[in-house]
Amino acid sequence: MSAVVKLEDIHRIYDSGEVKVHAVRGVSLELHKGEFMAVMGASGSGKSTLMNTLGCLDRPTSGRYLLDGVDIAGLDRNELADLRNEKLGFVFQGFNLLSRTTALENVELPMLYGRRRISHRDMQERAEHCLEIVGLAARADHFPSQLSGGQQQRVAIARALVNNPQVLLADEPTGNLDSKTAVEVMGVFQKLNEQGITIVMVTHELDIAHYCRRNLIMRDGKVVSDVQVTDRLSADDELRKLHAAEAAAKLTA
Amino acid sequence: MRLRSTLTVSFRALRRNVLRSLLTALGIIVGVGAVIAMVSIGNGAKSVVEAQIASLGENVLLVFSGSFNQGGARSGAFGAGTLTVEDAEAIKREVTTVIGVSPEVRSSAQILANGLNWSTQILGEGADYLTIRVWPLSDGVMFSEADVRSVGKVCVIGQTIATQLFPDGSAVGQVLRIKAQPFKVVGVLAAKGLSVQGQDQDDLVIVPYTSAMRRVSKQTMLRSISVQASSPDTMTLAQNDIVALLRQRHRTAEGSDDFTVRSQVEIAQAATATADTMTGLLGAVAGVSLIVGGIGIMNIMLVSVTERTREIGIRLAVGAHGREIQLQFLTESIVLSVLGGTIGILAGIGASELVSHLKGWPTLVSPTAVVVAFFFSAAVGMIFGYYPARKASLLDPIDALRYE
Ligand SMILES: Nc1ncnc2c1ncn2[C@@H]1O[C@H](COP(=O)(O)OP(=O)(O)OP(=O)(O)O)[C@@H](O)[C@H]1O
Ligand SMILES: [Mg+2]
């Protein structure tokens, strides 16, 4: 099976005037369909930079990036935009929703910029379906300011899903969430992954990384560890355990 | 992205901040409104001036006593005129391109009829006067050449006199007294209404100039002579001949003339030129405010682009092309300015209606001005929206997303 994502010796040097920051120093890796990888590492180790490169938001300074067999170096700004629109779903480190725009409209956004024509009603149906996947169907008409952090994060995930991406990229999707909500989000990811979507997510938390299939650890812009997870956790099980524990706590209290 | 989605996105953005959208468009509203109102007022003035000049008559040349020097000041007042009846007769006799001549004297007098009193203007004119002025009668006839020669006690009266002094029944055949002398009314003039200056043009009595000079005001000199040329083509010729003739008779040379010959066309040109200048000036001032309005839009759009940098970043990140972002912001500013333009046009029409209602000034909404103002405001939106829109479209998605 050919790789969905193939990085060959990727470097990214930020050159802002006098200081040059070498954020990513030679990363090579392959991702196959259906993989679920966590990227970990200390702050400043280049995780977000790598994610932005994977998300075609940023171009590597050197190295080759093949997405679905296509070398992105040969694509112009608009072609990259189309690629982001059709093949990639990105969940940003902040939620980055449009405020003063309902959850539903936020989820519809990528479809507005799709090259295929979609009727307004189809757009709405698809957006509603994606909100259902993340368990927010009832909140479609709410504005981001009316949603909790976890709910906003799930709207962002729904938005990333709406164009049926091949790869879902999430930069610290659980970073701002309490542990229970984080497990809920991981549940959504696991479900999507089981449906065949390739997922890459950044996390600082080791236990969150345990819900993934593969763990990549970065240090100073380099990959220092890349292992398959053996004792993978199931979000459903963990949630059940949590509920049980809560119930027990109430009983004893 | 298709046009409809762009419009949807733009309208959503504008609707989200109705007050700001209105304030942004306010500059355009005021600008366009001012242009429309000013041009309407200017045009109204012009149309009245034109109508009045047309009412001077056909192919008319006016010979005045006194001369207009370069500064526009007039030497030799109408009262102490320099034109004589003989001058008028000579013009009629010797200038072949002239078909009608009417010497004119003017005075004011108290007139009396049916025991009613009225103070009005007495015009002494020749028998050709109404033909030259193309002024129809509503009743009766004009006095004849014979009446002029015989210093007849006959008169033609304006509508105002007819209604004031002869409220019941026809005035024709009745007698009115001017300075205690009876004059028989032979005709009643058709109504003309108010002049631009607000004067009642129907408040007058016309008598033969001979009668006016000998029976009414004892004047010996003419105030002016109205001359009718045979056709528009002969006007210049007639004008030159009259000037030459009068110079010979008055023994004056160019530069020291004690008379002035003006053609209707010259008078019309001078008057409409003044009106045009006024319209132009008013329009220009209003146009400047339109540009100021445009700058206002640009200002707000720039603020809006900065404020919405993250939004732009999100749109770019999910696949918007730079062109679509540009289109979105351009659409917003065009929608704003066109909306402002439309409201401004309505406001301008309303304002000019109000002015004509309150001040009694005639106004004429110019369809050209409306169309031009509409497209101009759209253009303002496009021009002043272009830079902010372009700026937005060139943003880098990552930088835009990171923007705080
Ligand atoms: N736009 C930029 N210009 C200059 N330097 C940058 C820029 N973005 C990131 N860097 C630098 O590149 C390095 C890697 O940054 P990056 O954001 O990839 O780290 P990270 O692993 O995501 O950290 P965190 O866990 O805190 O999010 C850092 O040293 C950072 O200062
Ligand atoms: Mg980061």
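A quick note: this is a predicted structure, and the numbers were derived from the prediction, not measured. (Residues numbered from 1 in each chain as written. Chains lettered and ligands numbered in written order. Predicted model: local features only at pLDDT ≥ 70, side-chain atom pairs only at ≥ 80, totals over all residues. Heavy atoms only, no water.)

Asker: So what about the overall build of chain A? Which residues, and what values?
Answerer: Per the secondary structure count, chain A includes eight helices and ten strands. Here chain A has a C-alpha radius of gyration of 19 Å; the compact-globule value for 253 residues is 18 Å, and the two agree. When the backbone C-alpha atoms are referred to their principal axes, chain A occupies close to 60 × 45 × 40 Å. Partitioning the contacts of chain A with sequence separation of at least 6, the portion at a separation of at least 24 is 69%. (Helix = DSSP H or I, 4+ residues; strand = E, 2+ residues; numbered from the N terminus. Rg over C-alpha atoms; globule rule 2.2 N^0.38 Å. Contact = heavy atoms within 4.5 Å.)

Asker: Describe the site of ligand 1, and please don't skip the residues or the numbers.
Answerer: If you check the shell around ligand 1, you find 15 residues, and the closest are Ser43, Lys47, Ser48 and Thr49 of chain A together with Arg402 of chain B. Chains contributing residues near ligand 1 are chains A and B. The contact in question runs from an oxygen atom of ligand 1 to an N or O atom on the side chain of Ser43 of chain A, over 2.5 Å. Side-chain polar atom of Thr49 of chain A to an oxygen atom of ligand 1: 2.5 Å apart, as the coordinates give it. Protein chains bury 69% of the 630 Å² of accessible surface belonging to ligand 1 in isolation. Those elements that place two or more of their residues in the shell around ligand 1 are strand 2 (19-31) and helix 1 (47-54) of chain A. Looking at the shell around ligand 1, the element that brings in the most residues is helix 1 of chain A, giving three residues. By residue class, the composition of the shell around ligand 1 is four nonpolar, eight polar and three charged. (Near = heavy atom within 4 Å. Polar contact = N/O pair within 3.5 Å; in protein donor to acceptor, adjacent residues only side chain to side chain. Areas by Shrake-Rupley, 256 points an atom, 1.4 Å probe, with all protein chains shown as cover. Nonpolar A, V, L, I, M, F, W, Y, C, P; charged D, E, K, R; others polar.)

Asker: How would you explain the pairing of strand 8 (residues 175-178) of chain B if you had to name every residue and give the values?
Answerer: Two faces belong to every sheet, and in a regular strand the side chains alternate between them. Residues and elements named next belong to chain B. Only one face of strand 8 is covered, namely the one carrying Leu176 and Ile178; the face carrying Val175 and Arg177 has none of its residues buried. Sheet topology places strand 4 (residues 98-113) next to strand 8; two bridges connect them, and they run antiparallel. When the bridges of strand 8 are listed, Ile111 appears paired with Ile178. Relative to strand 9 (residues 181-189), strand 8 runs antiparallel, the two sharing four bridges. The residue bridging Arg177 from the neighbouring strand is Pro182, located in strand 9. The hairpin turn running from strand 8 into strand 9, its antiparallel successor, is two residues long, and Lys179 in that turn takes a positive phi close to 50 degrees. (Buried < 20%, exposed > 50% of the residue type's maximum accessible area, 1.4 Å probe, protein only. Pairing = 2+ DSSP bridges.)

Asker: Requested: an account of the interface of chain B and chain A, with residues and values cited.
Answerer: Between chain B and chain A, the residue contacts involve 29 residues of the former and 29 residues of the latter. Along the contact surface separating chain B from chain A lie two salt bridges. One salt bridge connects Arg115 of chain A with Glu324 of chain B, and the closest N-O pair in it is separated by 3.3 Å. Linking chain B with chain A are 13 residue pairs in polar contact (both at pLDDT 80 or more). For the side of chain B that touches chain A, the residue count by class is twelve nonpolar, seven polar and ten charged. (Salt bridge = Lys/Arg side-chain N within 4 Å of Asp/Glu carboxyl O.)

Asker: Can you break down the packing of helix 1 (residues 3-15) of chain B against helix 11 (residues 322-359) of chain B residue by residue, with the values?
Answerer: Residues and elements named next belong to chain B. Between helix 1 and helix 11, the shortest axis-to-axis distance is 9 Å and the interhelical angle comes to 60 degrees. When the interaxial angle is binned, helix 1 and helix 11 end up oblique. As for the relative orientation of helix 1 and helix 11, their crossing is right-handed in sense. Residue-level inspection shows Leu3, Thr6, Leu7, Val9, Ser10, Phe11, Ala13 and Leu14 of helix 1 in contact with helix 11, the latter providing Leu327, Gln328, Thr331, Glu332, Val335 and Leu336. Partitioning the contact of helix 1 with helix 11 into residue classes produces nine nonpolar, four polar and one charged. (Axes fitted to C-alpha atoms, helices over the stretch in contact; angles between N-to-C directions. Parallel < 35°, antiparallel > 145°, perpendicular 65-115°, else oblique. Left-handed = near helix turned anticlockwise from the far one by under 90°.)

Asker: Give me the sheet that holds strand 2 of chain A: which residues, what numbers.
Answerer: All names here are of chain A. In space, the four strands of this open sheet follow the order 2-1-4-5, with antiparallel pairing throughout. Among the strands making up the open sheet, the edge pair consists of strand 2 and strand 5 (70-71). Each of strand 1 (5-16), strand 2 and strand 4 (62-67) is contacted by helix 1, which is oriented at about 120 degrees to strand 1, the strand it contacts most.

Asker: Could you give an account of helix 8 (residues 235-252) of chain A, with specific residues and numbers?
Answerer: All names here are of chain A. Taking 1.5 Å per residue, 18 residues should reach 26 Å; helix 8 reaches 25 Å between its end C-alpha atoms and fits that length. Looking at helix 8, one finds that the buried residues are Ala235, Glu238 and Leu239. Taken end-on, helix 8 shows its buried residues confined to a sector of 100 degrees, consistent with a single buried face. Opposite the packed face of helix 8, turned more than 90 degrees from it, sit the exposed residues Arg240, Lys241, Leu251 and Thr252. (Expected span 1.5 Å × (residues − 1). Arc of directions from axis to C-beta.)

Asker: Describe the packing of aromatic side chains, listing the residues and the values that go with them.
Answerer: One pass over the structure, following the stated rule, counts three aromatic pairs over all chains. Ring geometry for Phe90 of chain A versus Phe92 of chain A: centroids 4.9 Å apart, planes at 25 degrees, classification stacked. For Phe90 of chain A, a relative accessible area of 11% gives the class buried. Accessibility expressed as a relative area gives 5% for Phe92 of chain A, which makes it buried. Relative to Phe375 of chain B, the ring of Phe374 of chain B has its centre 5.5 Å away and its plane inclined at 85 degrees; by these criteria the two rings are edge-to-face. Residue classification places Phe375 of chain B among the exposed positions, given a relative accessible area of 54%. Taking NZ or CZ as reference, Lys192 of chain B lies 4.0 Å from the ring centre of Trp135 of chain B, over its face. (Phe/Tyr/Trp six-rings, centres within 6.5 Å; stacked < 30°, edge-to-face > 60°. Lys NZ or Arg CZ within 6 Å of the ring centre and 35° of its normal.)

Asker: Help me get a handle on helix 11 of chain B, residues and values and all.
Answerer: For helix 11 of chain B, which comprises 38 residues, the first-to-last C-alpha distance of 53 Å matches the rise-based estimate of 56 Å (1.5 Å per residue) to within 8%. Phi turns positive one or two residues past the end of helix 11 of chain B, at Gly360 of chain B, with a value near 75 degrees.

Asker: Please set out the packing of helix 10 (residues 309-317) of chain B against helix 11 of chain B residue by residue, giving values where relevant.
Answerer: Between two packed helices, the angle of one axis relative to the other and the distance separating the axes together describe the packing. Residues and elements named next belong to chain B. In the contact formed by helix 10 and helix 11, the axes pass within 10 Å of each other and the chain directions differ by 140 degrees. If you check the angle between helix 10 and helix 11, you find them oblique. When the axes of helix 10 and helix 11 are compared, the crossing they make is right-handed. Judged by residue contacts, Glu311, Ile312, Arg315 and Leu316 of helix 10 engage Gly322, Ile325, Gln328 and Phe329 from helix 11.

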